[in-house]
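# Summary of the model geometry
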Amino acid sequence: MPSTSQPSPPSWVLKLTVGLIGMFAFLQVYSIQAVLPVLMVDFAATEVQAGMVVGATVMAIAIMSPFLGMLSDAVGRKSFIVGALLFLAIPTALIAQSPDIGWMGLWRFMQGLSVPGITVVTIAYIGEEFEGRAVTELMSFYVSGSVLGGFLGRFLLGHLHELIGWRHGYYVMAAMTLVGALWVGKMLPSSRQFEANPNFRSAMQTLGEHLTNRYVVTACLLGACVLFSLVGCFTFINLHLAKTPYELSTGQLANIFAVYLIGVVITPLSTTLLRRFGAARTVRVAVIVSMIGVLLTLVSPLWGIVIGLAVMSSGVFITQAATISYIAVNVKKGRSLASGLYYMSYYAGGTIGAWLCGIVYARGEWSMTVWLLLALQILALLIASFGMVKTKPRTA
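Not measured: the values here are computed from a predicted model.

Moving on to the overall build of the chain. Helix and strand counts for the chain stand at 15 helices and 0 strands. Against the compact-globule benchmark of 21 Å for 396 residues, the chain has a radius of gyration of 20 Å, which places it among compact chains. Dimensions of the chain along its principal axes, counting C-alpha atoms only, are 60 × 40 × 40 Å. In the chain, the proportion of contacts linking residues at least 24 apart, taken out of those at least 6 apart, comes to 85%.

For the coordinates displayed, the defined rule picks out 3 salt bridges. We note a salt bridge from Glu 128 to Arg 77, for which the minimum N-O separation is 2.4 Å. Here Glu 128 is found in helix 6 (residues 116-129), whereas its partner Arg 77 is found in the loop between helix 3 (47-75) and helix 4 (78-95), with 51 residues between them in sequence. The exposure class of Glu 128 is buried, given its relative accessible area of 18%. Between Lys 243 and Glu 365 there is a salt bridge whose closest N-O contact spans 2.9 Å. Highlighted residues: Lys 243 in the loop between helix 10 (214-242) and helix 11 (250-256) and Glu 365 in helix 15 (residues 335-386), separated in sequence by 122 residues. What makes Lys 243 partly exposed here is its relative accessible area of 32%. By relative accessible area, Glu 365 is classed as partly exposed at 39%.

Okay, the packing of helix 10 against helix 14 (residues 302-330) next. Where helix 10 contacts helix 14, the axes come no closer than 10 Å and their chain directions differ by 160 degrees. By the angle between their axes, helix 10 is roughly antiparallel relative to helix 14. In this structure, the crossing between helix 10 and helix 14 has a hand that is left-handed. For the pair helix 10 and helix 14, contact is made by Tyr 215, Ala 219, Leu 222, Val 226, Ser 229, Leu 230, Cys 233, Phe 234, Ile 237, His 240 and Leu 241 and by Leu 302, Ile 305, Leu 309, Met 312, Ser 313, Val 316, Phe 317, Thr 319, Thr 323, Tyr 326, Ile 327 and Asn 330, respectively. Looking at the contact of helix 10 with helix 14 residue by residue, the class counts come to 17 nonpolar, 6 polar and no charged.

So, on to the nonpolar core. By size, the foremost hydrophobic cluster in this structure holds 129 residues, and its most contacted members are Ile 32, Tyr 142, Trp 166, Phe 234 and Tyr 347. Here the element with the most residues in this core is helix 15; it accounts for 20 residues. Once residues within four sequence positions are removed from consideration, Ile 32 is found in contact with Leu 39, Val 53, Val 54, Met 104, Arg 108, Leu 157 and Tyr 170.

Taken together, Ile 288, Ile 292, Leu 296, Val 299, Trp 303 and Ile 307 make up a surface patch of nonpolar side chains, about 550 Å² in accessible area. Breaking the nonpolar patch down by element, the ones donating at least two residues are helix 13 (279-296) and helix 14. Here the nonpolar patch takes 3 residues from helix 13, the largest share from any one element. Mapped onto the fold, Trp 303 is located in helix 14.

What counts as what
- Residues numbered from 1 in each chain as written.
- Predicted model: local features only at pLDDT ≥ 70, side-chain atom pairs only at ≥ 80, totals over all residues.
- Heavy atoms only, no water.
- Helix = DSSP H or I, 4+ residues; strand = E, 2+ residues; numbered from the N terminus.
- Rg over C-alpha atoms; globule rule 2.2 N^0.38 Å.
- Contact = heavy atoms within 4.5 Å.
- Salt bridge = Lys/Arg side-chain N within 4 Å of Asp/Glu carboxyl O.
- Buried < 20%, exposed > 50% of the residue type's maximum accessible area, 1.4 Å probe, protein only.
- Axes fitted to C-alpha atoms, helices over the stretch in contact; angles between N-to-C directions.
- Parallel < 35°, antiparallel > 145°, perpendicular 65-115°, else oblique.
- Left-handed = near helix turned anticlockwise from the far one by under 90°.
- Nonpolar A, V, L, I, M, F, W, Y, C, P; charged D, E, K, R; others polar.
- Core = buried A, V, L, I, M, F, W, Y, C linked by side-chain atoms within 4.5 Å.
- Patch = residues over 30% accessible without salt bridge, like charges linked within 9 Å, V, L, I, M, F, W, Y side chains within 5 Å.
- Areas by Shrake-Rupley, 256 points an atom, 1.4 Å probe, with all protein chains shown as cover.

Keep in mind these numbers describe shape, not what the thing actually does.
Okay, structure coming up:
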């Protein structure tokens, strides 16, 4: 039986550990974007193939998220998170051996199979072990960590390629993931509130309830739009900036991703916005900010494009933090499955974004890609405006 004692406020060690879980979960997911122009030359790949090798990991995450959520509801939380981190290191190392773009796509897919065991289960863990303000606070640290991981993956691999080549760079990334698994195994407290639900029929009943739950469905649709925009933008802006007149190297492209660090600062501030304005209004404003950022990437000067990326990503990160908090606060039953459905939709959106933006970029390069991204963000704005339950601003 779960403990009935009042949970203590999260310690700084727990906040750090939750942030590191987010960081290591996303360290590998998008790292390939920084070396994409090099891989296209090495493997003679097209824009669509490049998009799909980015989307391979994202597709696997989408497929596995609800299933690992149900499995975790049956067997536990911490062991799942640590085991998934350990497994993630294996295909990361195998990427270094890829003889062609097809094999790289396979190992990228294998990476994605383990990521939901980290992401989905961590969100369920936080929702069970804490309540009220502590949930929102820990969620913001988790999202900040995931933002930092998204930046570090691209930044490190881009510079590692210039130092030792991308193949050896992936060995370094695999070793980092192993260190992360050891840290989480040592520092993450075991569950006190978890209650196993191994009944498959009960899980399917919960699944049916979630599929008709307005909170879950709206969050899932928003999540799909969010990652479509983020993957499409940060994958193909690299190809745009690698061409004339910019002709940036892998290291310079990696530096561009420093705009992600703004998200590390912005995301915790979203906690204040959520308390004051509620999730629905926060998301609407964040999506509009993101749209402005996408439009700014159409300017010619490099510094203007960088500002646009910073504004765009900040809006996306606030949207993501608000959406997963919306689920954690409003969904009380089958949290792991609910977050699994969210991530399935989120990463399905990213997979479609990588594929569709690849087709659009091949036909109309960056300018046409921007208009596709704006169309998706308009859809996200409509979902937030008409789909989200207008929750009252929280004061606690």
